[in-house]
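Remarks on the overall topology
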Amino acid sequence: MARDPATDSGAAIALAAERAAAWLTSHIDADGCIGGSRAPGLYFKVPSALALNGRRGTAGVVLDWIAGHLLAADGTLKLPDEVDRSRPVNTYDRGWLAWGAALCERHDLQETLADDLTAYQDRRTGGFWDSAEARASGEGLQGAMTAGMAGLGLLAEGRIEPARQAARFLEELWEGQADPAAGFDSNRRLTADWDGREGGAAPFFRERTSRHYVDLSGSAQRPARFGPAMAFLVRLHRLTGDPAHLACARRYAGMFLTRDDLYLCVECHKYLWGLVELQQVAPTAAYRDAARKCAEYLVAAQQPDGSWLPEASSEGGEPSFELILNTACNALVGLAYARTADLRP
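Scope of this entry: the structure provided in the associated data block. (Residues numbered from 1 in each chain as written. Predicted model: local features only at pLDDT ≥ 70, side-chain atom pairs only at ≥ 80, totals over all residues. Heavy atoms only, no water.)

**Looking at the packing of helix H4 (residues 91–103) against helix H5 (residues 107–119)**
Axis angle and axis distance: for two packed helices, these are the angle between their axes and the distance between the axes, and together they describe the pair. Relative orientation of the contacting elements H4 and H5 amounts to 155°, with a least axis distance of 9 Å. In this view, H4 runs roughly antiparallel relative to H5, as classed from their interaxial angle. The two elements H4 and H5 cross, and the hand of that crossing is left-handed. Here Thr91, Arg94, Gly95, Leu97, Ala98, Ala101 and Ala102 of H4 come into contact with H5, specifically with Leu109, Gln110, Leu113, Asp116 and Leu117. Along the lines of polarity and charge, the residues of the contact of H4 with H5 split into 7 nonpolar, 3 polar and 2 charged. (Axes fitted to C-alpha atoms, helices over the stretch in contact; angles between N-to-C directions. Helix = DSSP H or I, 4+ residues; strand = E, 2+ residues; numbered from the N terminus. Parallel < 35°, antiparallel > 145°, perpendicular 65-115°, else oblique. Left-handed = near helix turned anticlockwise from the far one by under 90°. Contact = heavy atoms within 4.5 Å. Nonpolar A, V, L, I, M, F, W, Y, C, P; charged D, E, K, R; others polar.)

Right, here's the structure in full:
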């Protein structure tokens, strides 16, 4: 009997997700501590990654650890005195944690986390400050990835108006691009004296690095940074019926679809998630085929132990355990959505 490539592909995706989930849970002890470490950056994505892959029990234990060690009495995120503060807790982290609490139905955490997210939103732009220092000074970067993840956290708690404002930021970010055929600036740079009136939109942070800019003449252009934005805009469209949100999600997706090598890299993981969400409401062969290629790439790139090696470390040299763990969480989210989709040609 001939083998069905679609069935084989689906089984490979499911197996890769199970292996990655086993690798992740092997680093979590009975109290929810990850890798024997109290470093906050290890924790924020784990509840979502586990809950989406059928491990809500372990996700709940990790949430208990987070509640006991990383949340203040009022529910705001804090850093324990004894941990390394070189890696700050940011609003992107807050969005992941709020979404994870929602997936685990931890309503005791959701509301206070959503309050914390809302406190970091800039009402002038709809974007989000990524640190207490930036919020206090009114100066800093506001980007697409943070807006998407924070928007998801707010939407999960039913904060519709702040979510709409986050969508406005993402829509204006797209509309303000100087040369969208050449590349895309993913962050705006706010200064304390910008009032949003005389100067028009806040200026872009025009740093031509892979962290901040999509070079459409390049390859492996970190599509993951737009996956949460795509997923958030699709979900807001489904809730409100506003076609502008869906149109914006499609524009972000379409940025990468001209060439496979723009998006095929380990960082296709969250882009895969966004593509599957788009395919559910606006099915096209382009979304389906790109999602299948992303899933197949991740399956092929998985390491023997079930993790993935990041393409690059921002510090150079060998990637840290934190970076490897967060890459695995991102891949687990992407594969979880791929498992639910019909990606057959």
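**Examining helix H8 (residues 160–175)**
Taking 1.5 Å of rise per residue, 16 residues should cover 22 Å, and H8 covers 22 Å from first to last C-alpha, within 8% of that figure. All of the buried residues in H8 are Pro162, Ala163, Ala166, Ala167, Phe169, Leu170, Glu171, Leu173 and Trp174. Buried residues in H8 make contact with strand E1 (140–143), helix H7 (144–156), strand E2 (183–185), strand E3 (187–190), helix H9 (227–240) and helix H10 (243–254). (Expected span 1.5 Å × (residues − 1). Buried < 20%, exposed > 50% of the residue type's maximum accessible area, 1.4 Å probe, protein only.)

**Some points on the pattern of salt bridges**
Within this structure, the stated rule accounts for 17 salt bridges. The closest approach of N and O atoms between arginine 106 and aspartate 108, which form a salt bridge, is 3.0 Å. For aspartate 260, the salt bridge is made with lysine 293, and the minimal N-O distance between the two is 2.9 Å. In this pair, aspartate 260 sits in helix H11 (residues 260–263) while lysine 293 sits in helix H13 (residues 285–301), placing the two residues 33 residues apart along the sequence. (Salt bridge = Lys/Arg side-chain N within 4 Å of Asp/Glu carboxyl O.)

**A few points about the nonpolar core**
Counting residues in each nonpolar core, the largest one holds 98 residues, and the members touching the most others are Leu24, Phe232 and Tyr252. Here this core gets 10 residues from one element, more than from any other, and that element is helix H14 (residues 321–339). Setting aside chain neighbours within four positions, we find tyrosine 252 in contact with Leu170, Leu173, Trp174, Phe184, Phe226, Met230 and Leu233. In this structure, Tyr120, Trp129, Ala134 and Leu190 belong to the second largest nonpolar core, which totals 5 residues. (Core = buried A, V, L, I, M, F, W, Y, C linked by side-chain atoms within 4.5 Å.)

Nothing here speaks to function; it is geometry throughout.
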